[in-house]
Amino acid sequence: MFRFVIRNIAKFILLMVAVSLVTFVLVSVSPIDPVQANVGQAAYVNMSEAKRAQLAEYWGVNTPLWERYANWFGDLLHGDLGTSLRFNAPVADVIATRAVNSLALMATAWVVSGVLGFGLGILAGANRGRPIDRIVKGYCFLLASVPTFWLGLVFLIVFSVWLGWFPFGFSVPIGVSAADVTLADALHHLALPALTLSVVGVANIALHTREKTIDVLESDYVRFARTRGLSTWGALRHHGLRNLALPALTLQFASISEIFGGSVLVEQVFSYPGLGQAAVTAGLGGDVALLAGIALFSAAFVFGGNLIANVLYGVVDPRMRKGAKAHA
Amino acid sequence: MSETQKGAARAEETRAEQVPACGRAAELDALADTLFGGHEALEHADEQEHHHHTHAPASHHEHGHHLLQVEDLSVGFRMYDEDAPFFRARQRFVEVISSLTISVHAGEIVAVVGASGSGKTLLADAVLGLFEPNATVRGRIWFDGELQDAAGLAALRGNGVSLVPQSVNNLDPLMKVGRQVEGFAHPDVPHAERRRRRAELFERYGLSEETAQLYPFELSGGMARRVLLCCALMDDPHVIVADEPTPGLDLDLAVRALDDFRAFADAGGGVMLITHDIELALRVADRVAVFKDGTVVEETAVANFASPDTLAHPFSRALWHALPEHGFRDRNVGEGSGKGGFHA
């Protein structure tokens, strides 16, 4: 147990160092000139040479990579993530405000895709070869091959433009002061991006659960349960669910990275002010501190998801839990 | 078997995916009655040989019929030809069990003895009404004197006929064994009642109350066997189908492990013991059904195995000669009946 904790802390630190280093290297080799990108084309052309040099100094263009990284890393150890030059605010603050939006979006998508995918998977697996199975399978294959941003655009066209059920974008209504925004407003704006993200996330978990369901239905213990008088659905309910839920939950925790990746695209399409959108802004604007901050945050988030997936097996599965105790 | 009877069997062809309707079963019942003159309901306790089998002292025909009677059972599968190239493979029909007849009387253990992998488990599946989607099952099965259709067999599961499976793999790995023994298939019986009965059975079979709190992977081999038996007895069956219930035990231990089945039979139940071990069968069973190439070639009392002269089928006699005390005389016994061969 102790070794497990130490090993995971070491892994986490190494991951953080690697992610931040890669972010810095990528930004430094990127062809984007932060000065040009941030002041705008017209202002840049009219700017005096001295002013440009001053801005370049401000953006740290001429400081060598290793020195910038060392400075940033030194500050990080003191808990200072630096200042976002693009948003002109501490990186920690930018991430905090954005993370609330993103987490609401991702949590909704994560839960909805998980529950929906699990249900569809069982439905398809239990009816293998029947029309309902083909429909679910076809739906999943279709979704798995549909790009997230395209689906987002289609949803925008159908639900926002044609039907007018949902707003076109943003997380709050336009022209309303922050104090007047109600929870209902926020949910109304959240719905469409969350739906897009959920629908895309369903395919993976549904296909996986379908395979597992077929395995479980062919297992000896379900056969035996049926010889004792349970119907197929009864056996599935009493013996299948707990055997299916564990791998599905693990998979769902491990798929947090995919939802995170999807959220970047979805936020961009829906102009939803979350972390993903901030990451795009930071990347295109050469805002290395913010980009590194977001990269660290998302890496930590995904690491957490995978860790939970790992630990979950040990906690929920009696074979692992009691087996480990017996060996300890 | 006469040609008319065979014709009747063919007329009754039922596919697993097309469970025959009750009305049709009743019709068939009537048909069987006219053909056999209501034979199934007749008193025939004292006949020396009937239904192609001889009786043991323990066998008796309660209410004048067999507890379980299987006649002319065939199980086949539609499958793709394995030898043909992938894209040219055609579907063909493989009959794994053909015209099998076997009876289980009250008070007896019938051992179905055959080579491993020769399809004995399919017999258990058919009796329990568990059919694969690509299976075609034909034949007649009576339970307690009543002709059953697929729905009838399904209704008898855990409700007259119980299975004792081979290993602990037949238990849900994520559920405590106590809860599993109590089962879920009888929602009309209050759970407290089921739990009381489970505790009673555990006590009778020397399983401590703590065992109920264990998960299947924590059971020893002996505990697992008793837990599986308790699962079956929980439902108060008339017939137990035991599919290789003593894997990996040597003969003496296996015989002792089967004492519980003996007790069940002595109390008036019937046991169909499926095994590959002829020595075990001769020690614990009352009658032996010799299973070869998908059918029962001879169904006879254990006493008839005393000498080859009382055995009717050449394969049974070969089996007799292959027993260790008769000097393993025929080395070709296992041949032609699938992989594995006989234990003897």
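Just so you know, these numbers come straight off a predicted model, no measurement behind them.

**Some words on the overall build of chain A**
Then comes step 1: From N to C terminus, chain A includes 15 helices and two strands.
Then comes step 2: Taken over the C-alpha atoms alone, chain A extends approximately 85 × 60 × 35 Å along its principal axes.
Then comes step 3: The buried share of chain A, taken over its 328 residues, is 35%.

**Digging into the UniProt feature "transmembrane region" (unreviewed entry) in chain A**
Residue and element names in this part refer to chain A.
Then comes step 1: UniProt feature "transmembrane region" (unreviewed entry): in the numbering of this structure it lies at residues 12-32, 103-126, 138-166, 186-207, 244-270 and 290-316.
Then comes step 2: The annotated region residues 12-32 carries 86% helix and 0% strand content, and the separation between its end C-alpha atoms amounts to 30 Å.
Then comes step 3: The span residues 138-166 carries 76% helix and 0% strand; its end-to-end C-alpha distance comes to 28 Å.

**Overview of the interface of chain B and chain A**
Then comes step 1: Contacts between the two partners involve 22 residues from chain B, matched on the other side by 18 residues from chain A.
Then comes step 2: Of the residues in the side of chain B that touches chain A, the class split is 13 nonpolar, five polar and four charged.

**Focus on the confidence of the model for chain A**
Keep in mind that low pLDDT regions are not for reading the predicted coordinates in detail.
Then comes step 1: Averaged over chain A, the pLDDT score is 84; the fraction of residues at 70 or greater is 97%.
Then comes step 2: Looking across chain A, the model is least confident in helix 15 (residues 318-327) of chain A, with a mean pLDDT of 66, and most confident in helix 7 (residues 131-144) of chain A, with 92.

**What about the UniProt feature "domain: ABC transporter" (unreviewed entry) in chain B?**
Then comes step 1: The feature "domain: ABC transporter" (unreviewed entry), as annotated in UniProt, sits at residues 68-318 of chain B in this numbering.
Then comes step 2: For residues 68-318 of chain B, the end-to-end C-alpha separation is 28 Å, with 30% helix and 29% strand making up the annotated structure.

**Quick look at the packing of helix 6 (residues 91-126) of chain A against helix 12 (residues 256-269) of chain A**
Residue and element names in this part refer to chain A.
Then comes step 1: Where helix 6 contacts helix 12, the two axes come as close as 10 Å, and the packing angle between them is 125°. Between helix 6 and helix 12, the interaxial angle falls into the category oblique. For helix 6 against helix 12, the interelement crossing comes out right-handed. Of the residues in helix 12, those in contact with S102, L105, M106, A109 and W110 of helix 6 are I256, I259, F260 and S263.
Then comes step 2: A breakdown of the residues in the contact of helix 6 with helix 12 according to their chemical character gives seven nonpolar, two polar and no charged.

**Examining helix 6 (residues 191-204) of chain B**
Then comes step 1: End to end, helix 6 of chain B covers 20 Å across 14 residues, agreeing with the expected 20 Å (1.5 Å per residue, within 8%).
Then comes step 2: Looking one or two places after helix 6 of chain B, you find B:G206, whose phi comes out positive at around 65°.

**Thoughts on the pairing of strand 4 (residues 68-80) of chain B**
All names here are of chain B.
Then comes step 1: Alignment of strand 4 against strand 5 (residues 91-104), held across 10 bridges, turns out to be antiparallel. When the sheet's bridge partners are listed, V70 is paired in strand 5 with I102.
Then comes step 2: Taken together, the eight bridges between strand 4 and strand 7 (residues 135-143) define a ladder with antiparallel strand orientation. Paired with S74 across the bridge in strand 7 is R138.

**Thoughts on the domain arrangement of chain A**
Residue and element names in this part refer to chain A.
Then comes step 1: You can read the domains of chain A as domain 1 (2-90) and domain 2 (95-327).
Then comes step 2: Summarising the inter-unit geometry, the C-alpha centres of domain 1 and domain 2 are found 32 Å apart.
Then comes step 3: Listed per partner, the contact involves 22 residues of domain 1 and 17 residues of domain 2.
Then comes step 4: Of all the elements in the fold, those that place two or more residues in the side of domain 1 that touches domain 2 are helix 1 (2-29), helix 2 (34-39) and strand 1 (83-84).
Then comes step 5: Sorting elements by how many residues they give to the side of domain 1 that touches domain 2 places helix 1 first, with nine residues.

**Concerning the confidence of the model for chain B**
All names here are of chain B.
Then comes step 1: Per-chain confidence: chain B averages 78 in pLDDT, with 79% of residues scoring 70 or above.
Then comes step 2: Low pLDDT, under 50, characterises residues 1-27; the predicted model gives this stretch 34 contacts beyond four residues in sequence or across chains.
Then comes step 3: Ignoring residues within four places in sequence, the model shows residues 331-344, a span with pLDDT below 50, making 36 contacts including any to other chains.
Then comes step 4: Interface confidence for the predicted complex, given as ipTM, is 0.76, next to a pTM of 0.75.

**Observations regarding helix 9 (residues 259-266) of chain B**
Residues and elements named next belong to chain B.
Then comes step 1: Within the span of helix 9, buried status applies to D260, F261, F264 and A265. Buried residues of helix 9, seen end-on, are gathered within an arc of 140° and therefore sit on one face of the element. Away from its buried face by more than 90 degrees, helix 9 exposes D259, A263 and D266.
Then comes step 2: Structurally, helix 9 contributes buried residues whose contacts are with strand 6 (109-113), helix 7 (221-234), strand 10 (239-243) and strand 11 (270-275).
Then comes step 3: Two residues or fewer past helix 9, G268 is found with a positive phi of approximately 110°.

**Notes on the nonpolar core**
Then comes step 1: Within the largest apolar cluster, 146 residues are counted, with the highest numbers of intra-cluster contacts made by B:V110, B:V112 and B:L273.
Then comes step 2: The contacts of B:L273, once residues within four sequence positions are left out, are B:I109, B:V110, B:A111, B:V112, B:A242, B:F261 and B:A285.

**Side note on unusual backbone geometry**
Peptide bonds are trans in most cases, and residues, glycine excluded, mostly fall at negative phi.
All names here are of chain B.
Then comes step 1: Here the phi dihedral of S99 falls at roughly 40°; this positive angle occurs in a residue that is not glycine.
Then comes step 2: Relative to the helices and strands, S99 resides in strand 5.
Then comes step 3: Positive phi outside glycine occurs at D293, with the angle close to 50°.

**Description of the environment of B:I240**
All names here are of chain B.
Then comes step 1: Along the chain, I240 falls in strand 10.
Then comes step 2: Classification of I240 as buried rests on a count of 24 C-beta atoms within 10 Å.
Then comes step 3: For the pair I240 and V161, spaced 79 residues apart in sequence, the C-alpha to C-alpha distance is 5.8 Å.
Then comes step 4: If we skip the residues at most four places from it in the chain, I240 touches S162, V164, A232, F261, F264, G269 and V271.

**With respect to the pairing of strand 10 of chain B**
All names here are of chain B.
Then comes step 1: Within strand 10, five of the five residues are buried, leaving the element largely enclosed by the surrounding structure.
Then comes step 2: When strand 9 (residues 161-164) meets strand 10, the two strands line up parallel, connected through four bridges. Residue V164 lies in a different strand from strand 10, and its bridge partner there is A242.

**Side note on the packing of helix 6 of chain A against helix 14 (residues 288-316) of chain A**
Between two packed helices, both the angle of their axes relative to each other and the distance between the axes serve to describe the pair.
All names here are of chain A.
Then comes step 1: At a closest axis distance of 10 Å, the pairing of helix 6 and helix 14 adopts a crossing angle of 50°. It follows from the interaxial angle that helix 6 and helix 14 lie oblique. Both helix 6 and helix 14 take part in a crossing whose hand is right-handed. Facing V91, V94, I95 and A99 of helix 6, the residues of helix 14 in contact are A289, L290, G293, I294 and F297.
Then comes step 2: Partitioned by chemical class, the residues of the contact of helix 6 with helix 14 number eight nonpolar, one polar and no charged.

**Quick notes on the environment of A:L187**
Residue and element names in this part refer to chain A.
Then comes step 1: Mapped onto the fold, L187 is located in helix 9 (residues 183-217).
Then comes step 2: On the basis of neighbour counts, which here come to 12 C-beta atoms within 10 Å, the residue L187 falls in the exposed class.
Then comes step 3: Measuring from C-alpha to C-alpha, the distance between L187 and E49 comes to 49 Å, with 138 residues separating the pair along the chain.

Conventions and cut-offs
- Residues numbered from 1 in each chain as written.
- Chains lettered and ligands numbered in written order.
- Predicted model: local features only at pLDDT ≥ 70, side-chain atom pairs only at ≥ 80, totals over all residues.
- Helix = DSSP H or I, 4+ residues; strand = E, 2+ residues; numbered from the N terminus.
- Buried ≥ 20, exposed ≤ 12 C-beta atoms within 10 Å, placed from the backbone.
- UniProt positions renumbered as here; feature names shortened; annotations may be inferred.
- Contact = placed C-beta atoms within 7 Å.
- Nonpolar A, V, L, I, M, F, W, Y, C, P; charged D, E, K, R; others polar.
- pLDDT = per-residue confidence, 0-100.
- Axes fitted to C-alpha atoms, helices over the stretch in contact; angles between N-to-C directions.
- Parallel < 35°, antiparallel > 145°, perpendicular 65-115°, else oblique.
- Left-handed = near helix turned anticlockwise from the far one by under 90°.
- Expected span 1.5 Å × (residues − 1).
- Pairing = 2+ DSSP bridges.
- Domains from an automatic or database assignment.
- Arc of directions from axis to C-beta.
- Core = buried A, V, L, I, M, F, W, Y, C linked by C-beta atoms within 7 Å.

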